[in-house]
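Take a look at the letters that make up each chain.
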Amino acid sequence: MKSKAILALLALSCCALVDADYQIGVGRADCTGPAAEIIFMGYAKLSQVGCGLHLRQFSRAFIVDDGENRAVFVSIDSLTMNHGVRRQVLKNLAALYNDTYTEKNLVLSGTHSHSTPGGFLMDLMLDIPCLGFVQESFDSLVDGITQSIINAHESMVEGKIFLTSGTLLDANINRSPASYLYNPDEERAKYDYDVDKEMVQLKFVRSSDNQPIGAINWFAVHPTSMNNTNCLVSSDNVGYASIQLEAYLNNGALPGTGEFVGAFASSNLGDVSPNTKGPICIDTGEECDFVTSTCNGEAKTCIAFGPGDNMVESTSIIAGKLLDKAKELFDQAEPEEVTGPVKYIHQYVDMPNEKATITLANGTEQEIQGCPPAMGYSFAGGTTDGPGEFDFAQGTITDNPFWDAVRNFVFPPTEEEIACHAPKPILVNTGGVDFPYSWQARIVTTQILLFGQVALIAVPGEFTTMSGRRLREAVQDTIISNGGPENTKPVLTGHSNVYTNYIATPEEYQLQRYEGGSTIYGPQTLNLYINKFKQLAAAMVKGETLDPGPTPHDFSSQLITLVFPAAADGTALGQNFGDCLQQPAESVSSGDTVVVKFAGGNPRHNSLLGSSYISVEKATGDDWVVVATDANWETRYLWKRTNSDTGENEVTIEWDVGETVEPGEYRIRHNGHYKTESGAINPYEGVTQSFTVA
Ligand SMILES: *[C@@H]1O[C@H](CO)[C@@H](O)[C@H](O)[C@H]1NC(C)=O
Ligand SMILES: *[C@@H]1O[C@H](CO)[C@@H](O)[C@H](O)[C@H]1NC(C)=O
Ligand SMILES: *[C@@H]1O[C@H](CO)[C@@H](O)[C@H](O)[C@H]1NC(C)=O
């Protein structure tokens, strides 16, 4: 490669490399999962079953190449990632680009939306809440992620990267402040807040014309503005911020289209809630118990709300705050340029067997080791963003056959395991069982990508605020003390590559709230990660290679599920698929919601990746021009099976007519697929009569 030779030459003269531009590629693709009948992943609530779609899920990929090394960061509108998804994406990429993309230089990071279909995580414990493995969820993610990287790969141009950061208040609160207070006084005194308020932005600019082509924004907040009563697929607050940032920089292009790609990626959001009014007892209106987040001893009634009056409004408000801050950073007059080589390092780690020696505050050395994964009792209590439904302690019967199986399974922890996890009381000893296959990951990925002075620390789970601060500081110090950039900026990229629940500090762990109870490798989990990431950072900067670590087992052929394939569809006598059953009013105006209904098929037959179940069309000259799709905030696609004998479905489409909608003649189109008794899947479409927006 010519650019390689040039860079090698430049590298000979010490500082010339600093000014060389990068090769940069950005890409986006639709990865929306099955919008109906599949349980959403996040709240572990059996009744939160998909009933349609509000916002599509997208995968956003960013490739940076310095002429010698290339690394890829991908942010995905999904709860999290796992080994299986990454393995299949890499297989797909290898078929196209040989060994350009490997597990070493590719980070897949979930945004952590709790309103997307689950069942793709493979570790049984994580798929149980969704009744097992769901092939359709898995396939949509793999296809969309792969396509986003292809799109980025095919669009590589010479470019520059800029780094900015700023403070965003009023968009997040700590949902376990009692745990946070367990951290040492002198450590807490270093910070103004009990959550991180910093938004970090990387902005990608094409050299040839100085046009911005992409941005990644990291801000620590749970995408749980949409609560566990929502059944429409949604990318939640961060996803809506992305769509708006992209529309803003793509001259109002429809969601999922346009060159500029803007991500809002996850960070150390473990104990961070977007429900900024905080928790309240919904029955009495009083404050919840500070330590246990219960009302009269019950977790169910202690729920956090805000900042809006309902979840849709709250999602929009938080998204707006993220968007405004991102735009402000984007327009900053003198951003710091990212310069220096691209580096990366990766190692698989067997957490239960991971050991380290740490130095305590009083100077004493201590040997530490991980524990086999296990969940504590508080895990079943859930959080104030979505309280748990099951009270395992009192042994109530649940209506989830899988949970019942969990409870009835007897795999008691050993004395050693109990001691290892103490003071966590073990509820589910996931490390003690391998039947029918792994329940929770034992092998995790640890990985760092370095773009010049920016270190992306890819962590396999949800770090709490203080855990994230400690890890960032450790990596930053290690990079600098080993001769890396003096201005190293560490960024924690959450939910990367594989999911291992929470990582609380050892002090927070003592209180055993939800985050501590879900810190699955025991009280020293964070210290083991800090030790490991220091090794990674040092080796990366010094150009040393690490042994790859143990390969995680591929159990994709053993997966079990209680999720049945979508049934055949039918219509009422005399009707056809696509028939409009409820026409719009003849004339509407801004502020109205247009509601129409169609005889339709089950969206599970086809997620219409890159397309839409809805188009709102405006008559323009002789043409109908699409002004909104199902990925727009203003539209909702709702699906309901109305007769399980005949397979009849009712598709409802809603369109909020916004202030900016131009007067004129409109109509609404619906696309979908239906399944015949013989199993064939056929497309259909329908369209309403036209109507006037006055
Ligand atoms: C793929 O990469 C390997 C290892 O770098 C190399 O030996 C092989 O020739 C490459 N194959 C193709 C088709 O480029
Ligand atoms: C979810 O939000 C709705 C308002 O949008 C509210 O009525 C409901 O109580 C909330 N439920 C939970 C469990 O947070
Ligand atoms: C240091 O602190 C640890 C943990 O608090 C304690 O177990 C140990 O005895 C202390 N060592 C000394 C020398 O004070």
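What you see is a predicted model; the values in this text were computed from it and never measured.

Novice: In this structure, what is going on with the state of the cysteines? I would like to understand it.
Specialist: Covalent bonding between the sulfur atoms of two cysteines is what defines a disulfide. Tallied over the full model, the rule gives 4 disulfides. A sulfur-sulfur distance of 2.3 Å marks the disulfide that ties C288 to C302. Because the sign of the S-S torsion sets the handedness, a value of about 105° for the bond joining C288 and C302 places this disulfide among the right-handed ones. Note that C288 is positioned in the loop between β13 (278-281) and β14 (302-305) and C302 in strand β14, a separation of 14 residues in sequence. Paired by a disulfide, C371 and C420 hold their sulfur atoms 2.0 Å apart. Residues C371 and C420 share a disulfide whose torsion about the S-S bond is about -90°; that sign makes it left-handed. Remark: C420 occurs in helix α11 (residues 415-421) and C371 occurs in the loop between β18 (365-369) and β19 (375-376); sequence separation between them is 49 residues. Look at C371 and you get buried, because its relative accessible area is 1%. Classification of C420 as partly exposed rests on a relative accessible area of 24%. C130 forms no disulfide, and the closest cysteine sulfur to it belongs to C231, at a distance of 15 Å. Given a relative accessible area of 1%, C130 falls into the buried group. Distance from the sulfur of C580, which forms no disulfide, to the nearest cysteine sulfur (C51) is 20 Å.

Novice: I tried to follow the side chain of D30 on my own but got confused; where do I start?
Specialist: Looking at where D30 falls in the secondary structure, it is placed in strand β1 (residues 22-30). At 2.6 Å, the side chain of D30 and the side chain of T32 are in polar contact. Engagement of the side chain of D30 in a polar contact is seen with the side chain of R56, the distance being 2.8 Å. Excluding its chain neighbours within four sequence positions, the residues that come into contact with D30 are R56, Q57, F58, G144, L608, L609, G610 and S611.

Novice: How do you make sense of the domain arrangement of the protein when you look at a structure like this?
Specialist: One frequent convention defines the size of an interface as the accessible area lost when the parts assemble. Each assigned domain of the protein is listed with its residue range as follows: domain 1 (2-347 + 447-497) and domain 2 (580-693). A separation of 31 Å is found between the C-alpha centroids of domain 1 and domain 2. On the domain 2 side, the residues contacting the 27 residues of domain 1 number 23 residues. Between domain 1 and domain 2, the buried area comes to about 2,000 Å², and carbon and sulfur atoms account for 59% of it. Sorting the residues of domain 1 by area buried against domain 2 places H54, R56 and L254 first, and these three jointly supply 28% of that buried surface.

Novice: It is not clear to me how the site of ligand 2 should be interpreted in this structure. Could you clarify?
Specialist: Every residue close to ligand 2 is listed here: N227, N228, T229, I303, F305, N310 and M311. Within the backbone of M311, one N or O atom sits 2.9 Å away from an oxygen atom of ligand 2. In isolation ligand 2 exposes 360 Å². Once the protein is present, 65% of that is buried. Of the residues in the shell around ligand 2, the class split is 3 nonpolar, 4 polar and no charged.

Novice: Sorry, what's going on with the sheet that holds strand β28 (residues 580-582) here?
Specialist: Neighbouring strands of a sheet are bound in pairs by backbone hydrogen bonds; such pairs are parallel or else antiparallel. Taken in spatial order, the 6 strands line up as β2-β3-β33-β34-β30-β28 in an open sheet, and their pairing is antiparallel. Sheet topology places β2 (36-39) and β28 at the edges, where each strand pairs with a single neighbour. With strand direction ignored, the average angle separating the axes of adjacent strands in the sheet is 35°. By the bridge criterion, 2 bridges tie β2 to strand β3 (residues 49-53) in an arrangement that is antiparallel. By the bridge assignment for β3, A36 is matched with C51.

Novice: Just to check I follow, could you spell out the pairing of strand β31 (residues 614-620) for this structure?
Specialist: The two faces of a sheet get side chains in turn, since along a regular strand they alternate between them. With 5 of 7 residues buried, β31 is to be regarded as a mostly interior element. Where β31 and strand β35 (residues 664-675) come together, 5 bridges link them in antiparallel fashion. Within β35, the residue paired with I614 across the bridge is H670. The antiparallel pairing of β31 with strand β32 (residues 623-629) creates a hairpin that spans 2 residues between the two strands, and G621 there sits at a positive phi of about 60°.

Novice: Would you take a moment to explain the sheet that holds strand β16 (residues 342-350) for this structure?
Specialist: In spatial order, the strands read β16-β23-β24-β26; together these 4 strands make up an open sheet with mixed pairing. Either end of the sheet is taken by a strand with one partner, and the two such strands are β16 and β26 (489-493). The average angle at which neighbouring strand axes cross in this sheet is 15°, direction not considered. Along the sheet face, helix α2 (residues 83-97) touches β16 and β23 (443-451) and points at about 55° away from the line of β23. Relative to β23, helix α15 (residues 525-542) is tilted by about 40°, and along the sheet it contacts β16, β23 and β24 (454-458).

Novice: Hey, could you run me through the packing of aromatic side chains in this one?
Specialist: The geometry of an aromatic ring pair comes down to the distance between the two centres and the angle between the two planes. Scanning all chains against the criterion turns up 16 aromatic pairs. Ring centres 3.9 Å apart and planes at 10° place the aromatic pair Y240 and W633 in the stacked group. Taken together, the residues span a long stretch of sequence, with Y240 in helix α7 (residues 236-249) and W633 in the loop between β32 and β33 (635-643) at a distance of 393 residues. Neither Y240 nor W633 differs from the other in exposure class; each is buried. Their ring planes at 40° and their centres at 5.4 Å tell us that W655 and Y666 sit as a pair that is tilted. Placement of the pair is W655 in strand β34 (residues 648-656) and Y666 in strand β35, with a sequence separation of 11 residues. The exposure class of W655 is buried, given its relative accessible area of 2%. The class of Y666 is buried, set by a relative accessible area of 2%. Taken together, the ring pairs in this structure connect F463, Y529 and F533 into an aromatic cluster. For the cation-ring pair, K203 lies above F330, with the distance from its terminal atom to the ring centre recorded as 4.3 Å.

Novice: Mind showing me how you'd approach unusual backbone geometry here?
Specialist: Where the residue is not glycine, phi is negative for most of them; where a peptide bond is considered, it is trans in most cases. For the bond running from G306 to P307, omega is 0°, close enough to zero to count as cis. Relative to the elements of secondary structure, P307 occurs in the loop between β14 and α8 (311-330). With an omega dihedral of 5°, the bond running from A422 to P423 counts as a cis peptide bond. Mapping P423 onto the fold places it in the loop between α11 and β22 (426-428).

Novice: Sorry if this is basic, but what is going on with the confidence of the model for the protein here?
Specialist: Atomic detail in the predicted coordinates should be set aside for any region of low pLDDT. Of all residues in the protein, 94% attain a pLDDT of 70 or more, and the chain-wide mean is 92. Low pLDDT, under 50, characterises residues 7-18; the predicted model gives this stretch 9 contacts beyond four residues in sequence or across chains. Counting interchain partners and residues more than four positions distant, the pLDDT-below-50 stretch residues 390-398 has 16 contacts.

Each value, and the rule that gives it
Residues numbered from 1 in each chain as written. Chains lettered and ligands numbered in written order. Predicted model: local features only at pLDDT ≥ 70, side-chain atom pairs only at ≥ 80, totals over all residues. Heavy atoms only, no water. Disulfide = S-S within 2.5 Å. Helix = DSSP H or I, 4+ residues; strand = E, 2+ residues; numbered from the N terminus. Buried < 20%, exposed > 50% of the residue type's maximum accessible area, 1.4 Å probe, protein only. Polar contact = N/O pair within 3.5 Å; in protein donor to acceptor, adjacent residues only side chain to side chain. Contact = heavy atoms within 4.5 Å. Domains from an automatic or database assignment. Buried area = accessible area lost by both parts, 1.4 Å probe. Near = heavy atom within 4 Å. Areas by Shrake-Rupley, 256 points an atom, 1.4 Å probe, with all protein chains shown as cover. Nonpolar A, V, L, I, M, F, W, Y, C, P; charged D, E, K, R; others polar. Pairing = 2+ DSSP bridges. Axes fitted to C-alpha atoms, helices over the stretch in contact; angles between N-to-C directions. Phe/Tyr/Trp six-rings, centres within 6.5 Å; stacked < 30°, edge-to-face > 60°. Lys NZ or Arg CZ within 6 Å of the ring centre and 35° of its normal. pLDDT = per-residue confidence, 0-100.

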